Amino acid sequence: MEGQQLQQVLNPQRLKSLKEWMQKSSITLIQVNGQRKYGGPPPGWQGPPPGPGCEVFISQIPRDVYEDRLIPLFQSVGTIYEFRLMMNFSGQNRGFAYAKYADPFTASTAIMTLNQYPLQEGVCLTVRRSTEKRQLRLGDLPTNVNQAEMLAAVQMLSDGVEDVLLKLAGPKGREVVALVNYSSHYAASMAKKVLVQGFKKQYGISITVRWTSFSKSKCVEKTGQDDCFTPPGLKPLTKPSLNPPPLRPQLSHHDIPASPPLLPFFRAVGGPPAPPRDEMMAQALMNRDTVSQLQMIYRVLIPGLPLPLYGAVQILPGTSAGAMKGEVYRAAAEQVIQTMCKVSNLRAF
């Protein structure tokens with residue numbers, strides 16, 4: 001009975017056409033967490049991934065239309081770096097997809113050319129610029145979690161994490177939330193699907209995960225600034241002085257002044273006992289995705305700020321410890337200056 005119902009939902013002829021097209025074109029499609037993906041990068045791609053503004057959002061797709069019709073159509077405009085079709089468990093698509101091109105100009109051309117394209121009788125596609133959200137808001141966190149521990153936790157549970165910022169939220173500014181920035185919309189959307197279960201399984205707590213409620217492009221239009229740092233409803237940090245003191249990033253536990261540390265994240269959430277501090281630091285400093293680079297987590301104390309600034313930088317191994325230490329200082333200082341400029345709505349030099 002279930003097989004008959006599934007056959008009624010799916011179009012056997014469309015599925016057959018998809019399979020034949022994949023065999024003929026040697027296209028590989030990978031389905032992960034409700035998304036079926038081509039490329040990212042595609043075969044023969046050279047160079048870095050495309051930056052912001054290169055992705056389009058496609059809607060009004062008939063549920064029994066698949067990549068064999070969509071990818072060739074959108075490739076007629078230009079080279080596709082990545083194509084993602086949202087899928088249901090039944091095997092039907094969810095009516096929308098994303099296509100990422102090599103540059104913003106090609107994406108704009110796709111919008112002008114294919115918006116309201118008559119895919120079949122009575123059906124026209126809607127194509128517009130993708131918002132490419134890359135920031136997640138994690139709520140219901142322990143009040144004594146610190147930024148370095150949060151960075152290590154989300155890096156362990158998801159890929160593509162760029163940085164983490166802790167903020168105070170709620171009517172009285174007592175709720176701690178984390179704003180997690182990812183390298184791409186795809187990485188952020190994948191993380192959104194796994195973080196709630198990951199925190200519950202790994203640390204025994206229930207957190208909330210949602211997209212941040214602000215749009216960077218709208219903020220730019222309204223304020224004329226290059227960046228919009230604090231989403232509505234979140235309490236920003238105190239604005240730093242325009243002439244900050246020299247930055248002295250603390251690269252490891254050997255450089256941190258002897259003071260009572262905050263409870264490790266593992267104990268803060270009532271989870272299993274934390275591993276030894278040396279083991280935690282080694283895990284935090286190791287980058288599981290690359291072998292040729294070293295990842296360093298720093299903490300910077302700035303007078304006038306209520307909380308230290310945390311972050312991570314990647315460097316290439318140097319000829320001496322002193323050379324690597326200087327390179328970490330330079331990279332950390334650059335990140336901290338950019339963060340302070342964002343807080344004070346200044347343009348970084």
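Predicted model, so just to flag it, every value in this text is computed and none were measured. (Residues numbered from 1 in each chain as written. Predicted model: local features only at pLDDT ≥ 70, side-chain atom pairs only at ≥ 80, totals over all residues. Heavy atoms only, no water.)

Looking at the chain as a whole, the pLDDT averages 75, with 70% of positions reaching at least 70. Across residues 1-7, confidence stays below pLDDT 50; counting only partners more than four residues off in sequence or on other chains, it has two contacts. Ignoring residues within four places in sequence, the model shows residues 269-291, a span with pLDDT below 50, making 31 contacts including any to other chains. (pLDDT = per-residue confidence, 0-100. Contact = heavy atoms within 4.5 Å.)

Inspection of every chain in the model, using the stated rule, returns seven salt bridges. E82 is paired through a salt bridge with K37; the nearest N and O atoms lie 4.0 Å apart. A residue pair is termed long-range when its members are at least 10 positions apart, and E82 in strand 4 (residues 80-87) and K37 in strand 2 (residues 35-39) qualify at 45 residues. Each member of the pair, E82 as well as K37, carries the same accessibility label: buried. When the shortest N-O distance is used, the salt bridge between E55 and R84 registers 3.2 Å. (Salt bridge = Lys/Arg side-chain N within 4 Å of Asp/Glu carboxyl O. Helix = DSSP H or I, 4+ residues; strand = E, 2+ residues; numbered from the N terminus. Buried < 20%, exposed > 50% of the residue type's maximum accessible area, 1.4 Å probe, protein only.)

A few words now on a positive patch on the surface. The grouping of R63, R94, K192 and K193 at the surface amounts to a positive patch. Structurally, R94 can be placed in strand 5 (residues 93-101). (Patch = residues over 30% accessible without salt bridge, like charges linked within 9 Å, V, L, I, M, F, W, Y side chains within 5 Å. Areas by Shrake-Rupley, 256 points an atom, 1.4 Å probe, with all protein chains shown as cover. Lys, Arg positive; Asp, Glu negative; His and termini not counted. Charge placed at Lys NZ, Arg CZ, Asp CG, Glu CD.)

Before going further, it helps to spend a moment on the nonpolar core. Counting residues in each nonpolar core, the largest one holds 29 residues, and the members touching the most others are I58, F74 and F83. Counting only elements with at least two residues in this core, the list comes to helix 2 (12-25), strand 3 (55-59), helix 3 (67-75), strand 4, strand 5 and helix 4 (104-114). Leaving out residues up to four positions away in the same chain, F83 has contacts with R36, K37, Y38, I58, E67, L70, I71, F74, A97, Y98 and A99. (Core = buried A, V, L, I, M, F, W, Y, C linked by side-chain atoms within 4.5 Å.)

With that settled, the discussion passes to the packing of aromatic side chains. This model, assessed by the stated rule, comprises six aromatic pairs. Look at F57 and Y98: their rings are 5.3 Å apart centre to centre, the planes differ by 55°, and that puts the pair in the tilted class. Of the two residues, F57 is situated in strand 3 and Y98 in strand 5; the sequence distance between them amounts to 41 residues. By relative accessible area, which is 14% here, F57 ends up buried. Residue Y98 is classed as buried on the basis of its relative accessible area, which comes to 13%. (Phe/Tyr/Trp six-rings, centres within 6.5 Å; stacked < 30°, edge-to-face > 60°.)

Turning to the packing of helix 2 against helix 3, a few remarks are in order. Contact geometry for helix 2 and helix 3: axes closest at 9 Å, N-to-C directions at 55°. Classified by the angle their axes make, helix 2 and helix 3 are oblique. Here helix 2 contributes R14, S17, L18 and W21 to the contact with helix 3, which in turn contributes E67, D68, R69, I71 and P72. Residues that form the contact of helix 2 with helix 3 fall into these classes: four nonpolar, one polar and four charged. (Axes fitted to C-alpha atoms, helices over the stretch in contact; angles between N-to-C directions. Parallel < 35°, antiparallel > 145°, perpendicular 65-115°, else oblique. Nonpolar A, V, L, I, M, F, W, Y, C, P; charged D, E, K, R; others polar.)

To continue, consider the sheet that holds strand 3. The sheet built from six strands is open, its strands ordered 1-2-4-5-3-8 with antiparallel pairing. Strands with a single pairing partner mark the edges of an open sheet, and in this sheet they are strand 1 (30-32) and strand 8 (126-129). The sheet shows a mean angle of 25° between the axes of neighbouring strands, direction not considered. Alignment of strand 2 against strand 4, held across five bridges, turns out to be antiparallel. Across the sheet, Y38 pairs through a bridge with F83, a residue of strand 4. This element, helix 3, spans strand 2, strand 3, strand 4, strand 5 and strand 8 of the sheet and lies at about 150° to strand 4. Strand contacts of helix 4: strand 3, strand 5 and strand 8, with the helix running at about 150° to strand 8, the strand carrying the most contacts. (Pairing = 2+ DSSP bridges.)

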